[in-house]
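This is what each chain is made of:
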Amino acid sequence: MIPPYRIAVVGCAGRMGRMNLAAIHAAEGCVIAGGTDQPGSAAVGSDIGLLIGGKALGVTVTDDPVELFAQADAVIDFTTPAASRRHAELAAQAEVVYVVGTTGLSDEDQVFIDKAAIQTVVVQAANMSLGVNLLQVVTEQVARALDADYDIEIVEMHHRHKVDAPSGTALMLGEAAAKGRGVKLSDVARKSREGQVGARPRGEIGFATLRGGDVPGEHSVIFATEGERVVLSHKAGTREIFAKGAVKAAVWGRGKPAGLYSMRDVLGLKD
Ligand code: NAD
């Protein structure tokens, strides 16, 4: 009999952390290996089962990631850029499958993820949903088909607690559009506008950020020219879709060679 696949969650008291725990609990062949949250979090010491609104599981939330990584086959991380730096190092040392969904990473933060991927399997995606990963593929195709007469604008809305902007998903869609156009996003991105910004330069890829309420995530990629607009959209109705994707990524990573993978690898959407 195959032993259950032990998946741990760092930042397990967060909005996504709790969803990830519930998704592991529901997944066949998987068990919750444990969870951490940051020192001082009210969740530390609580039973993980109670944290997700179920029966006690006899596994408590700790603030010691070192011990947790040693007990797991895979670790899911939706926390903060600073925490993910540390988690990436621990994942490499413990050689566990590391699924990282944290957004707002700087280039310096990203170096930690890239380094971990030399040692172990890392699946990184700013959005773990099937729908957004499909949208990414389609965005690249449409951007390739339509020339710079079509202005590309990316609009996103998220709940009021989100701390980074534009969202990681909006940037991921911007990268896809830039790739389709054969340009570098950093050369053409306009991440916000205010005041006398002048007319829109040809070829720019613009971003607009909305924040409010409890929206789990909405994204539209707009291709606008004189006379018509093509609008590609995705609306997440629940965070469950990201958690299910994260667990799918963790299971997919089992036994794979070390490397940096994306949800497009997991979902078989690579060309
Ligand atoms: P949140 O603030 O609700 O949760 C983050 C959790 O991490 C908190 O419980 C916090 O205490 C914990 N934490 C912080 N530092 C820690 C540390 N050093 N060790 C352990 N735990 C620590 O935020 P959220 O809405 O769950 O989002 C978390 C991240 O995931 C954000 O970057 C968000 O943009 C991203 N996100 C990604 C996807 C995706 O599909 N990739 C989907 C949704 C959210």
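Residues numbered from 1 in each chain as written. Predicted model: local features only at pLDDT ≥ 70, side-chain atom pairs only at ≥ 80, totals over all residues. Heavy atoms only, no water.

Participant: Quick rundown of the overall build of the protein chain? Include the residues and the values.
Facilitator: When its secondary structure is counted, the protein chain shows 10 helices and 12 strands. A globule of 271 residues ought to have a C-alpha radius of gyration of about 18 Å, and the protein chain, at 19 Å, matches this closely. Structurally, the protein chain occupies a C-alpha span of about 60 × 40 × 30 Å along its principal axes. Sorting the 271 residues of the protein chain into buried and exposed places 49% on the buried side. Counting contacts in the protein chain only where the partners sit at least 6 residues apart, residues at least 24 apart contribute 68% of the total. The averaged location of the 32 negative side-chain charges in the protein chain is 3 Å from the averaged location of its 28 positive side-chain charges. (Helix = DSSP H or I, 4+ residues; strand = E, 2+ residues; numbered from the N terminus. Rg over C-alpha atoms; globule rule 2.2 N^0.38 Å. Buried < 20%, exposed > 50% of the residue type's maximum accessible area, 1.4 Å probe, protein only. Contact = heavy atoms within 4.5 Å. Lys, Arg positive; Asp, Glu negative; His and termini not counted. Charge placed at Lys NZ, Arg CZ, Asp CG, Glu CD.)

Participant: Outline the site of the ligand, supporting the account with residue identities and numerical values.
Facilitator: Surrounding the ligand, one finds 23 residues, the nearest of these being Arg 15, Met 16, Asp 37, Thr 103 and Met 128. Within the backbone of Asn 127, an N or O atom sits 3.5 Å from a nitrogen atom of the ligand. Those elements that provide at least two residues to the shell around the ligand are helix H1 (15-26) and helix H4 (81-94). (Near = heavy atom within 4 Å. Polar contact = N/O pair within 3.5 Å; in protein donor to acceptor, adjacent residues only side chain to side chain.)

Participant: An account of the sheet that holds strand E11 (residues 228-235) is requested, with residue identities and associated values reported.
Facilitator: On the basis of which strands lie adjacent, the open sheet formed by five strands has the order E8-E9-E7-E10-E11 and mixed pairing. Where the open sheet ends on each side, the last strands, each with one partner, are strand E8 (189-190) and E11. Strands in contact with helix H6 (residues 130-145) are strand E7 (151-158), strand E10 (218-225) and E11; relative to E11, the strand with the most contacts, it is inclined by about 160°. (Pairing = 2+ DSSP bridges. Axes fitted to C-alpha atoms, helices over the stretch in contact; angles between N-to-C directions.)

Participant: Run through the pairing of strand E6 (residues 121-124), naming residues and quoting values.
Facilitator: Where burial is concerned, the two faces of E6 agree: the one with Val 121 and Val 123 and the one with Val 122 and Gln 124 are both buried. Relative to E6, strand E5 (residues 97-100) is paired through three bridges, and the arrangement is parallel. Its bridge partner being in E6, Val 99 is matched across the sheet by Val 123. Of the crossover connections in this fold, the one passing from E5 over helix H5 (residues 107-119) to the parallel E6 is right-handed. In this sheet, strand E12 (residues 259-261) lies alongside E6 in parallel orientation, the contact comprising three bridges. Of the residues in E12, the one forming a bridge with Val 123 is Tyr 261. (Right-handed = clockwise from strand over helix to strand, strands pointing away.)

Participant: Lay out the environment of Thr 79 with the relevant residues and their values.
Facilitator: Tracing the backbone shows Thr 79 in the loop between strand E4 (74-77) and H4. Taking the C-alpha atoms as reference points, Thr 79 and Thr 103, 24 residues apart in sequence, are found 8.4 Å from one another. Those residues in contact with Thr 79 that sit more than four places away from it in its chain are Val 10, Gly 11, Ser 84, His 87 and Thr 102. Looking at Thr 79, its side chain comes within polar contact range of the side chain of Asp 77, at 2.6 Å. Among the polar contacts made by the side chain of Thr 79, one reaches the side chain of Ser 84 at a distance of 3.3 Å.

Participant: Mind laying out H4, listing which residues take part and the relevant values?
Facilitator: For H4, with 14 residues, the first-to-last C-alpha span of 20 Å sits near the 20 Å given by 1.5 Å per residue. Considered for burial, the residues of H4 that qualify are Ser 84, His 87, Ala 88, Leu 90, Ala 91 and Ala 92. Contact partners of the buried residues in H4: strand E1 (5-10), helix H3 (65-70), E4, E5 and H5. One or two positions beyond H4, positive phi appears at Glu 95, with a value near 55°. (Expected span 1.5 Å × (residues − 1).)

Participant: Pulling in residues and values, what's your account of the pattern of salt bridges?
Facilitator: Within the structure shown, the criterion is met by 15 salt bridges. One network of salt bridges, in which partners are shared, links Asp 151, Glu 153, Arg 190, Arg 193, Arg 200 and Glu 204. (Salt bridge = Lys/Arg side-chain N within 4 Å of Asp/Glu carboxyl O.)

Participant: An account of the nonpolar core is needed here, citing residue identities and associated values.
Facilitator: Ile 7, Ile 24, Ile 76, Val 99, Val 123, Met 128 and Met 263 are the most contacted members of the largest nonpolar core, which totals 39 residues. Per-element accounting of this core gives the leading share, seven residues, to helix H9 (residues 240-252). Non-local contacts of Val 123, meaning those with residues more than four positions away in its chain, are made with Tyr 98, Val 99, Val 100, Ala 249, Trp 252, Tyr 261, Ser 262, Met 263 and Val 266. (Core = buried A, V, L, I, M, F, W, Y, C linked by side-chain atoms within 4.5 Å.)

Participant: For the packing of aromatic side chains, give the residues involved together with the corresponding values.
Facilitator: A full pass over the atoms with the stated rule returns one aromatic pair. Ring centres of Trp 252 and Tyr 261 lie 5.0 Å apart, and the angle between their planes is 75°; on these two criteria the pair is classed as edge-to-face. Comparing Trp 252 with Tyr 261, the two get one shared label, buried. The ring of Trp 252 has Lys 256 lying over it, and the distance from NZ or CZ to the ring centre is 4.5 Å. (Phe/Tyr/Trp six-rings, centres within 6.5 Å; stacked < 30°, edge-to-face > 60°. Lys NZ or Arg CZ within 6 Å of the ring centre and 35° of its normal.)

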